[in-house]
Structures are given as structure tokens and as C-alpha cells.
Amino acid sequence: NAGVTQTPKFQVLKTGQSMTLQCAQDMNHNSMYWYRQDPGMGLRLIYYSASEGTTDKGEVPNGYNVSRLNKREFSLRLESAAPSQTSVYFCASSEDGGRGPYEQYFGPGTRLTVT
Amino acid sequence: AQTVTQSQPEMSVQEAETVTLSCTYDTSESDYYLFWYKQPPSRQMILVIRQEAYKQQNATENRFSVNFQKAAKSFSLKISDSQLGDAAMYFCALGRGSNYKLTFGKGTLLTVNP
């Protein structure tokens with residue numbers, strides 16, 4: 001049981017390049033999330049997916065797109081990277097049903113630098 | 001909109017002592033949940049403790065306990081018998097019952113001195 005996995009762990013991009021951050025969970029969770037973490041800012045929600053086939057914007061969605069490929073996988077795409085997107089990106093998942101929200105389980109993070 | 005405020009950017013404690021981290025929040029919801037997450041230098045986010053707003057009893061997990069004051073919208077974390085492994089960034093988070101998004105505070109960096 002690997003929990004939440006993210007690839008890559010580190011990435012350096014040049015301004016204008018594109019890339020996709022991959023996330024997968026093996027806990028059969030319906031809900032998945034993408035956050036970014038910047039110094040002094042805590043974690044801010046970029047996008048989330050309450051179930052397979054649905055996605056919604058979070059607090060800071062500009063410059064990003066997401067795809068909920070299936071129940072296990074939720075990817076984050078930067079179409080044209082900018083230095084302001086230099087950050088640590090976390091994927092998370094949670095179960096749902098009954099009374100929520102439940103605990104979110106986090107991946108190990110991806111450190112992205114845009115030069 | 002809901003907000004979470006952690007007013008202490010940094011705290012330090014001596015090993016074996018007790019420390020309290022502060023968190024205040026604002027929400028118009030009556031059904032909500034509060035969390036404390038720990039982030040050690042490894043970057044991994046780890047749930048420390050969870051409190052449901054409809055429960056009056058304060059949550060405890062071993063050396064970790066909370067002081068939940070609903071009327072004051074305060075949710076502090078007490079760490080007893082602090083250990084070197086407790087050194088980390090601690091985040092307070094708020095979630096509403098109607099969806100599963102969490103709002104995080106900016107964090108408190110805890111240093112444990114031997």
C-alpha cells in the first residue's frame with residue numbers, strides 16, 4: 001500500500017516550458033487535491049476533484065490545468081511555466097461519505113523551479 | 001470565506017517540556033472540522049489530530065491534545081513531554097462539512113532544544 005505517490009520529486013523548467021505533475025493513490029479515495037506551498041504562505045488549494053470525472057477550481061487555479069484520468073490518478077499541468085510557479089506541489093486524497101471532511105493523505109511533494 | 005490564522009511564526013521548547021501552538025479561525029458554518037498537520041524536514045504532511053466542531057470534548061492523541069474553544073473560534077495544540085522528533089512545521093486547517101476542501105494557516109515552525 002503505497003498511499004499517495006507523486007512524480008517527479010524535483011524538476012527544473014525554463015520559462016515557457018510545459019510539464020505535467022503526476023499523482024496516484026491506491027486507497028480507493030474519491031476526492032483528490034493539488035496544493036502549492038510557498039514560504040510563509042502555508043498550503044493553497046489549486047484544484048480539486050470530488051470524484052472521477054469532476055474537477056473544480058481552488059484558491060489559486062490560474063496558470064494550471066488538471067485531469068482526473070480515473071479514480072486513482074489526478075494530474076496537474078503547467079502549460080507555460082512562469083517563475084511565479086516556483087513552489088513545492090503536493091497532491092492529496094481523502095475518503096468521503098457520511099460526515100466529512102476526513103483526513104487528507106498527502107504525497108511526498110514535487111519541488112519545481114522555473115528559471 | 002473562511003480563514004485560519006496562526007499568529008506564531010516560530011516557537012521553541014526544551015525537550016521534555018510542554019508547548020502550546022495557537023490557531024484561530026473564522027467560518028460562518030456551524031458544521032466544520034479542524035485539523036493539526038505536522039510537516040517535518042522530510043516535507044511529508046502528517047495528520048496530528050482532528051476535532052469535529054459538534055463535539056464538545058477536546059481531542060487527544062497520546063502527547064498531543066487540543067483546546068477547542070468554539071465560541072472564541074480558537075483551536076490550540078498542546079504538545080506535552082516534547083521530543084526532538086516533534087521539531088517540524090505545524091499547520092492548522094479548517095474544513096467545512098459540506099465539502100472536503102481544507103483551508104490551511106501559514107504554519108508555526110517548532111524547534112525542540114535538547
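Just above, that's the structure.
Criteria and thresholds
Residues numbered from 1 in each chain as written. Chains lettered and ligands numbered in written order. Predicted model: local features only at pLDDT ≥ 70, side-chain atom pairs only at ≥ 80, totals over all residues. Heavy atoms only, no water. Helix = DSSP H or I, 4+ residues; strand = E, 2+ residues; numbered from the N terminus. Rg over C-alpha atoms; globule rule 2.2 N^0.38 Å. Buried < 20%, exposed > 50% of the residue type's maximum accessible area, 1.4 Å probe, protein only. Contact = heavy atoms within 4.5 Å. Areas by Shrake-Rupley, 256 points an atom, 1.4 Å probe, with all protein chains shown as cover. Lys, Arg positive; Asp, Glu negative; His and termini not counted. Charge placed at Lys NZ, Arg CZ, Asp CG, Glu CD. Pairing = 2+ DSSP bridges. Axes fitted to C-alpha atoms, helices over the stretch in contact; angles between N-to-C directions. Disulfide = S-S within 2.5 Å. Buried area = accessible area lost by both parts, 1.4 Å probe. Salt bridge = Lys/Arg side-chain N within 4 Å of Asp/Glu carboxyl O. Core = buried A, V, L, I, M, F, W, Y, C linked by side-chain atoms within 4.5 Å.

### What to know about the overall build of chain A
- Of the regular secondary structure elements, chain A holds 0 helices and 11 strands.
- Along its sequence from the N terminus, chain A presents helices and strands in the succession β-β-β-β-β-β-β-β-β-β-β.
- Taken over C-alpha atoms, the radius of gyration comes to 13 Å for chain A, in line with the 13 Å a tight globule of 115 residues would show.
- The dimensions of chain A, computed from C-alpha atoms along their principal axes, are 45 × 25 × 25 Å.
- For chain A, the proportion of its 115 residues judged to be buried stands at 47%.
- Put simply, of all contacts in chain A between residues at least 6 apart along the chain, 55% involve residues at least 24 apart.
- Approximately 5,100 Å² of chain A is accessible, and the part contributed by carbon and sulfur atoms is 47%.
- Averaging the coordinates of the 11 positive side-chain charges in chain A and doing the same for the 10 negative ones gives two points 7 Å apart.

### Considerations on the sheet that holds strand E3 (residues 19–25) of chain A
All names here are of chain A.
- In spatial order, the strands read E1-E3-E8-E7; together these 4 strands make up an open sheet with antiparallel pairing. The outermost strands of the open sheet, each flanked by one partner alone, are strand E1 (4–7) and strand E7 (64–68). Across the sheet, the mean angle separating the axes of adjacent strands is 20° when strand polarity is ignored.

### Observations regarding the state of the cysteines
- Applying the stated criterion across every chain, the model contains 2 disulfides over all chains.
- Note that A:Cys23 is cross-linked by a disulfide to A:Cys91, the S-S spacing being 1.8 Å. On the sign convention where negative is left-handed, the bridge of A:Cys23 and A:Cys91, at about -70° about the S-S bond, is left-handed. Linking A:Cys23 in strand E3 with A:Cys91 in strand E9 (residues 87–94), this pair joins segments that are 68 residues apart in sequence. Across the pair, A:Cys91 and A:Cys23 agree in class, each one buried.
- Paired through a disulfide, B:Cys23 and B:Cys92 show a sulfur-sulfur distance of 2.0 Å. What sets the handedness of the B:Cys23 and B:Cys92 disulfide is the S-S torsion sign, and at about -70° it is left-handed.

### Focus: the interface of chain A and chain B
- Contact with chain A, which involves 29 residues of that partner, is made by 22 residues of chain B.
- Surface buried jointly by chain A and chain B totals about 2,100 Å² across both partners, of which 54% is contributed by carbon and sulfur atoms.
- Applying the counting criterion to the chain A and chain B interface returns 0 salt bridges.
- Listed by contribution, the elements that provide at least two residues to the side of chain A that touches chain B are strand E4 (31–38), strand E5 (42–49), E9 and strand E11 (110–114) of chain A.

### Quick look at the nonpolar core
- Formed by 25 residues in total, the largest nonpolar core has its most connected members in B:Tyr25, B:Trp36, B:Phe75, B:Leu77 and B:Tyr90.
- Mapped by element, the contributors of at least two residues to this core are strand E3 (19–21), strand E5 (32–39), strand E6 (46–52), strand E8 (64–69), strand E9 (74–79), strand E10 (88–96) and strand E12 (108–113) of chain B.
- Tallying contributions element by element places E10(B) first for this core, with 4 residues.
- By size, the runner-up hydrophobic cluster in this structure holds 20 residues, among which are A:Leu13, A:Leu21, A:Val60 and A:Phe74.

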